[in-house]
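Remarks on the overall topology
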Amino acid sequence: MIDKVRVRFAPSPTGYLHIGGARTALYNYLVAKHYQGVFILRVEDTDQVRSTEESTKSIFESLQWLGITWDEGPYYQSERRHIYNEYAKKLLDEKKAVYQEDPAKGKAVVFKMPTGKQIVFNDLIHEAIKFESDLLGDIVLVKSDGFPTYNFACVIDDALMNITHIIRGDDHISNTPKQIVLYEALGRPSPQFAHIPLIMGEDGSRLSKRHGHTSVSEYRELGYLPEALFNFLSLLGWSPGDDTEIMDRDEIIKRFTIERVKDKPAQFNIKKLTWLNSHYLKHVSRERLYKLAIPYLSQAGCNISGFPEEKIIKLVDFYRERIRILSEITEATKFFFEDKIIYQMEARQKFIEPQESKEVLQEVYDGISTLQEFNEGSLETLLRRIAESKNLKFQDVAQPIRVALTGTTVSPGIFEVMELLGRQKVQERIKQML
Ligand code: GLU
């Protein structure tokens, strides 16, 4: 390997950061970290019409959220026009480029493609790729509006920024021979190229809106954790060489090499992402989980301020095993915040309507009034005693209470739920039920 690896991510700010772009950024980042190199961020904002500041901002936000941090930059191509002009002039002086007059728009600078040349490059992911210069055509360097084209600005910047490896999507393979010719014309060595195969949806066609969400920010909003998406994206076209799938950032950095990137398209599998997310959810600290859950709860109108923080921390901690993505926390815990419980029809018929259930609920209600302390321990003793005295299985006592308190038949441990709700609420809800 070269002395110091220098790689870059060069987004065009014409929209959100897409899954594909995020993967490209990630692979560059991983190569930089693996080889203790430098990761550069460069904004390719020379398309005056389509580039927006808002896109730039949201791309940065998504990168930062994923923990893909850059060592150098951001550079903005729109601020480097004098540099491209200087090199355009040089190529004009050397007669490698000419002015081309467009009566309507003004004059553009066009590079004259040398004829009869074969251009070959050894892609690090694919085999050797060959092109005939005769089929490439001349290259516009500077448009009549004075802005450089992508191919020109990209080559000048990659050359001046001493980029050693260009890692980008397969869709740029057709640009590469043009860029190589420009490096030659400028008397600069070409960097190494690594073109990553595209990402496809489950039907085998290129990943697009049709397949569902495609931007990083959408996954963030749905409640995927950055570490889950980071892990998932790393596997979208790369594998460490064995079956390991769950890897933290450091392990991925340690094991990631371009040589192991696959030369076949990767398939976006949402189930796998969700599975990874459930895994990472189990390992988030209680405090972080709480902070992550709050926006979902408040957006759903839950009365968060009506409860001590410690209670809500406990509540979401309880339910973390039952959700796969953070946005599901609302549905799972809404019973806790509601004044009026919405009972599932079936649950109610099965566990509340029978006379026996009503008796159980009444006894629990009365029993609770006599408890000195209202906690998991005392509640367990009480419920077990009632079950025994009525000659019932424990579940026959627990289920009616569960339905009365949460409206559903599924919840984590019933004692915990009762303690969390507190004596007053538990009694209110049982009474309401009766
Ligand atoms: N701005 C180009 C893009 O977003 C960069 C391509 C490249 O990495 O050279 O597709």
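Residues numbered from 1 in each chain as written. Predicted model: local features only at pLDDT ≥ 70, side-chain atom pairs only at ≥ 80, totals over all residues. Heavy atoms only, no water.

For the rest of this paragraph, the subject is the site of the ligand. Every residue close to the ligand is listed here: R8, A10, S12, E44, Y150, C154, R168 and H172. Here R168 contributes a side-chain N or O atom positioned 2.8 Å from an oxygen atom of the ligand. For the shell around the ligand, the class distribution of residues is three nonpolar, two polar and three charged. (Near = heavy atom within 4 Å. Polar contact = N/O pair within 3.5 Å; in protein donor to acceptor, adjacent residues only side chain to side chain. Nonpolar A, V, L, I, M, F, W, Y, C, P; charged D, E, K, R; others polar.)

With that out of the way, let us pick up the pairing of strand β4 (residues 97–102). Note: β4 against strand β5 (residues 106–111), six bridges, orientation antiparallel. Counterpart to E101 in the pairing with β5 is K107. What sits between the antiparallel neighbours β4 and β5 is a turn of three residues. (Pairing = 2+ DSSP bridges. Helix = DSSP H or I, 4+ residues; strand = E, 2+ residues; numbered from the N terminus.)

Another point: the pattern of salt bridges. It is possible for side chains of opposite charge to pair when their charged atoms get near one another. The final tally for this structure, using the stated rule, is 30 salt bridges. The residue D158 makes a salt bridge to R42 at a minimum N-O spacing of 2.8 Å. Here the residue D158 occupies a position in helix α4 (residues 150–160), and R42 occupies one in strand β2 (residues 38–43), the gap between them amounting to 116 residues. A single salt-bridge network, built from bridges that share partners, covers R8, R42, E44, R80, D157 and D158. (Salt bridge = Lys/Arg side-chain N within 4 Å of Asp/Glu carboxyl O.)

Moving on, we come to the packing of aromatic side chains. Using the criterion set out here, one finds 15 aromatic pairs in the structure. A centroid spacing of 4.7 Å and a plane angle of 40° characterise the contact between F307 and F336, whose relative ring orientation is tilted. Pair noted here: F307 is in the loop between α10 (286–299) and α11 (309–319) and F336 is in helix α12 (residues 329–337), with a separation of 29 residues, a long-range link. Accessibility classification places F307 together with F336 in one group, the buried group. When the centroid spacing of 5.7 Å and the interplanar angle of 45° are considered together, the rings of F394 and F415 count as tilted. Remark: F415 occurs in helix α17 (residues 414–421) and F394 occurs in helix α16 (residues 394–406); sequence separation between them is 21 residues. On the basis of relative accessibility, which here comes to 11%, the residue F415 falls in the buried class. Each member of the aromatic cluster is reached from another via a ring pair, and the members are F307, Y319, F335, F336 and F337. Seen from the ring of Y75, R80 lies directly overhead, with NZ or CZ sitting 5.8 Å from the centre. (Phe/Tyr/Trp six-rings, centres within 6.5 Å; stacked < 30°, edge-to-face > 60°. Buried < 20%, exposed > 50% of the residue type's maximum accessible area, 1.4 Å probe, protein only. Lys NZ or Arg CZ within 6 Å of the ring centre and 35° of its normal.)

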